[in-house]
Amino acid sequence: MAEPFTRSFEATSEHIDQLGHVNNVVWVQWMEEVSVAHWETVAPPEHQAAYVWVVTRHEIDYRGNIREGERVTATTWIPDAPKRATFDRCVAFRREGDEETGKVLVRARTTWAVIEVASGRLVRIPEDVAAPFWNGSPTS
(Lines give C-alpha, C1' and ligand atoms only; values in the text may rest on other atoms or scores of the structure.)
Protein backbone atom coordinates (compact mmCIF):
# COMPACT_ATOMS: atom_id res chain seq x y z
CA MET A 1 0.00 0.00 0.00
CA ALA A 2 1.25 3.48 -0.87
CA GLU A 3 1.00 6.46 1.47
CA PRO A 4 -2.51 7.48 2.57
CA PHE A 5 -3.88 10.81 1.36
CA THR A 6 -5.78 13.28 3.55
CA ARG A 7 -8.09 16.24 3.09
CA SER A 8 -10.15 18.26 5.58
CA PHE A 9 -13.79 19.26 5.29
CA GLU A 10 -15.92 21.72 7.24
CA ALA A 11 -19.64 21.24 7.76
CA THR A 12 -21.50 24.32 6.56
CA SER A 13 -25.22 25.10 6.69
CA GLU A 14 -25.95 23.46 3.31
CA HIS A 15 -24.47 20.15 4.59
CA ILE A 16 -26.81 19.93 7.58
CA ASP A 17 -29.96 17.80 7.61
CA GLN A 18 -33.13 18.03 9.71
CA LEU A 19 -31.37 16.25 12.59
CA GLY A 20 -28.79 19.04 12.80
CA HIS A 21 -25.80 17.10 11.51
CA VAL A 22 -24.10 16.31 8.21
CA ASN A 23 -26.43 14.49 5.81
CA ASN A 24 -25.33 11.04 4.63
CA VAL A 25 -25.31 12.22 1.01
CA VAL A 26 -22.70 14.84 1.93
CA TRP A 27 -20.42 12.15 3.38
CA VAL A 28 -20.60 10.34 0.01
CA GLN A 29 -19.78 13.60 -1.81
CA TRP A 30 -16.79 14.12 0.47
CA MET A 31 -15.66 10.53 -0.23
CA GLU A 32 -15.67 11.31 -3.93
CA GLU A 33 -13.90 14.65 -3.41
CA VAL A 34 -11.02 13.15 -1.39
CA SER A 35 -10.71 10.25 -3.85
CA VAL A 36 -10.58 12.53 -6.90
CA ALA A 37 -8.14 14.87 -5.13
CA HIS A 38 -5.89 11.89 -4.40
CA TRP A 39 -5.96 10.90 -8.09
CA GLU A 40 -5.32 14.48 -9.25
CA THR A 41 -2.47 14.96 -6.76
CA VAL A 42 -0.63 11.70 -7.38
CA ALA A 43 -1.36 10.61 -10.97
CA PRO A 44 0.77 12.16 -13.71
CA PRO A 45 -1.05 14.41 -16.21
CA GLU A 46 -0.89 11.82 -19.01
CA HIS A 47 -2.75 9.30 -16.83
CA GLN A 48 -5.33 11.90 -15.85
CA ALA A 49 -5.93 12.64 -19.54
CA ALA A 50 -6.16 8.97 -20.53
CA TYR A 51 -8.34 7.51 -17.74
CA VAL A 52 -11.40 8.35 -15.69
CA TRP A 53 -12.68 6.50 -12.63
CA VAL A 54 -16.27 5.54 -11.79
CA VAL A 55 -17.74 4.07 -8.63
CA THR A 56 -19.31 0.62 -8.94
CA ARG A 57 -20.01 -0.06 -5.25
CA HIS A 58 -20.12 1.71 -1.86
CA GLU A 59 -20.05 0.07 1.55
CA ILE A 60 -20.40 2.70 4.29
CA ASP A 61 -20.55 2.54 8.09
CA TYR A 62 -21.93 5.66 9.80
CA ARG A 63 -20.74 5.61 13.43
CA GLY A 64 -20.83 9.27 14.34
CA ASN A 65 -21.45 12.71 12.93
CA ILE A 66 -20.56 16.39 13.08
CA ARG A 67 -22.54 19.58 13.23
CA GLU A 68 -22.27 22.92 11.43
CA GLY A 69 -18.88 24.55 11.92
CA GLU A 70 -17.14 21.33 12.89
CA ARG A 71 -14.35 19.82 10.77
CA VAL A 72 -13.26 16.32 9.84
CA THR A 73 -10.17 14.89 8.22
CA ALA A 74 -10.70 12.25 5.55
CA THR A 75 -7.93 9.73 5.03
CA THR A 76 -8.01 7.55 1.91
CA TRP A 77 -5.86 4.65 0.82
CA ILE A 78 -5.82 1.63 -1.49
CA PRO A 79 -5.77 -1.47 0.77
CA ASP A 80 -5.32 -4.20 -1.84
CA ALA A 81 -3.84 -4.76 -5.28
CA PRO A 82 -6.04 -3.86 -8.26
CA LYS A 83 -8.16 -6.60 -9.77
CA ARG A 84 -8.47 -6.28 -13.55
CA ALA A 85 -10.35 -2.99 -14.12
CA THR A 86 -11.11 -2.24 -10.44
CA PHE A 87 -9.60 -1.49 -7.09
CA ASP A 88 -11.07 -0.79 -3.70
CA ARG A 89 -10.45 2.51 -1.94
CA CYS A 90 -10.97 2.99 1.78
CA VAL A 91 -11.89 6.31 3.39
CA ALA A 92 -12.05 7.08 7.11
CA PHE A 93 -13.34 10.35 8.57
CA ARG A 94 -12.22 11.54 12.01
CA ARG A 95 -13.00 14.74 13.84
CA GLU A 96 -10.24 17.23 13.02
CA GLY A 97 -7.58 17.16 15.73
CA ASP A 98 -8.36 13.51 16.53
CA GLU A 99 -6.82 12.02 13.37
CA GLU A 100 -4.32 9.76 15.15
CA THR A 101 -6.36 8.53 18.10
CA GLY A 102 -9.89 9.68 17.44
CA LYS A 103 -12.95 7.62 16.75
CA VAL A 104 -13.76 6.98 13.11
CA LEU A 105 -17.06 8.75 12.44
CA VAL A 106 -17.64 7.38 8.94
CA ARG A 107 -15.79 4.54 7.24
CA ALA A 108 -16.22 3.42 3.63
CA ARG A 109 -14.86 0.89 1.20
CA THR A 110 -15.66 1.83 -2.38
CA THR A 111 -14.93 -0.09 -5.56
CA TRP A 112 -13.73 2.06 -8.45
CA ALA A 113 -13.41 0.98 -12.09
CA VAL A 114 -11.16 2.60 -14.68
CA ILE A 115 -12.43 3.73 -18.06
CA GLU A 116 -10.08 4.55 -20.91
CA VAL A 117 -11.15 7.97 -22.20
CA ALA A 118 -10.23 7.21 -25.85
CA SER A 119 -12.43 4.11 -26.11
CA GLY A 120 -15.00 4.89 -23.41
CA ARG A 121 -14.59 1.30 -22.17
CA LEU A 122 -13.47 -0.40 -19.00
CA VAL A 123 -9.85 -1.52 -19.22
CA ARG A 124 -7.48 -3.50 -17.03
CA ILE A 125 -5.63 -1.08 -14.75
CA PRO A 126 -2.15 -0.63 -16.23
CA GLU A 127 0.67 -1.29 -13.75
CA ASP A 128 2.10 2.20 -14.24
CA VAL A 129 -1.30 3.73 -13.40
CA ALA A 130 -1.61 1.61 -10.23
CA ALA A 131 1.99 2.10 -9.10
CA PRO A 132 1.64 5.52 -7.40
CA PHE A 133 -1.33 4.22 -5.39
CA TRP A 134 -0.29 0.63 -4.81
CA ASN A 135 3.35 -0.39 -4.55
CA GLY A 136 2.64 -4.07 -5.14
CA SER A 137 1.75 -5.85 -8.38
CA PRO A 138 -1.81 -5.86 -9.74
CA THR A 139 -3.53 -9.23 -9.74
CA SER A 140 -5.48 -10.74 -12.57
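Cut-offs used in this document
Residues numbered from 1 in each chain as written. Predicted model: local features only at pLDDT ≥ 70, side-chain atom pairs only at ≥ 80, totals over all residues. Heavy atoms only, no water. Salt bridge = Lys/Arg side-chain N within 4 Å of Asp/Glu carboxyl O. Buried < 20%, exposed > 50% of the residue type's maximum accessible area, 1.4 Å probe, protein only. Helix = DSSP H or I, 4+ residues; strand = E, 2+ residues; numbered from the N terminus. Expected span 1.5 Å × (residues − 1). Polar contact = N/O pair within 3.5 Å; in protein donor to acceptor, adjacent residues only side chain to side chain. Core = buried A, V, L, I, M, F, W, Y, C linked by side-chain atoms within 4.5 Å. Contact = heavy atoms within 4.5 Å.

(A) Layout of the pattern of salt bridges. In total, this model carries 7 salt bridges according to the counting rule given. With its nearest N and O atoms 3.2 Å apart, the salt bridge here joins Glu 59 to Arg 57. Judged by its relative accessible area of 40%, Glu 59 falls in the partly exposed class. The partner of Asp 80 in a salt bridge is Arg 109, and the shortest N-O contact between them spans 2.3 Å.

(B) Quick peek at helix α1 (residues 24–42). For α1, with 19 residues, the first-to-last C-alpha span of 27 Å sits near the 27 Å given by 1.5 Å per residue. Measuring from the backbone nitrogen of Val 25 back to the side-chain oxygen at the start of α1 gives 2.8 Å, which picks out Asn 23 as the cap.

(C) Fine view of the nonpolar core. One finds Trp 27, Trp 30, Ile 66, Val 72 and Phe 93 to be the most contacted residues of the largest nonpolar core, which totals 18 residues. The element best represented in this core is α1, accounting for 6 residues. In this view, Trp 30 contacts Phe 9, Glu 10, Ala 11, His 15, Val 22, Ile 66, Val 72 and Phe 93; residues no more than four positions away in its chain are not counted. Tyr 51, Trp 53, Trp 112 and Phe 133 belong to the second-largest nonpolar core, a separate cluster that totals 13 residues.

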